[in-house]
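# Coordinate inspection notes
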Amino acid sequence: NARATPSTSPTALMSLIPYTVASCSSEDEQHPARELQSFHSQSRGWQSSRFCDFPQEIVLKFGGPVNVQQVQLLSHQFKIATRIELFVGSLAEGQAEPPASGFEGIQFSRLRHF
């Protein structure tokens, strides 16, 4: 889940930022990526398809520029990623609008891995 603090109040409580799953490289039928869009106690989460190619990718799309303060990832006790890389995307120079679909005109920068 992506969380951010409104920039107008540094002491404000963290709040969820609305997003959609723009794409994923694979998904299990019982654990589709859309599960990440509705966070609640009955959420099953996303899981890659069995015997998939690696690396796996999930792209989240926000409604506009956001200030993300924290990202929370939860792994299953037996299905733990060995490495997670976090990227941020922004419109390329001269790109006025985001693409209707795909990622043309988006520049991705690697933030870190863990």
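Each remark here, short or long, concerns the structure printed above.
None of these values were measured; they are calculated from a predicted model.

Definitions and cut-offs
- Residues numbered from 1 in each chain as written.
- Predicted model: local features only at pLDDT ≥ 70, side-chain atom pairs only at ≥ 80, totals over all residues.
- Heavy atoms only, no water.
- Helix = DSSP H or I, 4+ residues; strand = E, 2+ residues; numbered from the N terminus.
- Buried < 20%, exposed > 50% of the residue type's maximum accessible area, 1.4 Å probe, protein only.
- Contact = heavy atoms within 4.5 Å.
- Areas by Shrake-Rupley, 256 points an atom, 1.4 Å probe, with all protein chains shown as cover.
- Salt bridge = Lys/Arg side-chain N within 4 Å of Asp/Glu carboxyl O.
- Patch = residues over 30% accessible without salt bridge, like charges linked within 9 Å, V, L, I, M, F, W, Y side chains within 5 Å.

Turning our attention to the overall build of the protein chain. The helix and strand tally for the protein chain stands at 0 helices and 7 strands. N-terminal to C-terminal, the α/β element order of the protein chain is β-β-β-β-β-β-β. Counting every position in the protein chain, which comprises 114 residues, the buried fraction comes to 16%. Once local pairs closer than 6 in sequence are excluded, the contacts in the protein chain between residues at least 24 apart make up 43%. As displayed, the protein chain offers around 9,200 Å² of accessible surface, 53% of which is attributable to carbon and sulfur atoms.

This brings us to the pattern of salt bridges. Using the criterion set out here, one finds 3 salt bridges in the structure. Salt-bridge contacts for Glu85 lead to Arg83; the nearest nitrogen and oxygen are separated by 3.9 Å. The exposure class assigned to Glu85 is partly exposed, which follows from its relative accessible area of 40%. With a relative accessible area of 46%, Arg83 lands in the partly exposed category. Overlapping salt bridges bring together Arg83, Glu85 and Arg110 as one network.

Here we come to unusual backbone geometry. A cis amide bond, omega 5°, links Phe54 with the succeeding residue Pro55. Mapped onto the secondary structure, Pro55 falls in the loop between β3 (19–24) and β4 (58–62). The phi torsion at Phe51 lies on the positive side, around 60°, for a residue other than glycine. Inspection of the secondary structure puts Phe51 in the loop between β3 and β4.

Residues Val66, Val68, Val71, Leu73 and Phe114 make up a contiguous nonpolar surface patch of about 410 Å² in total accessible area. In this structure, Leu73 sits in the loop between β5 (70–71) and β6 (85–91).

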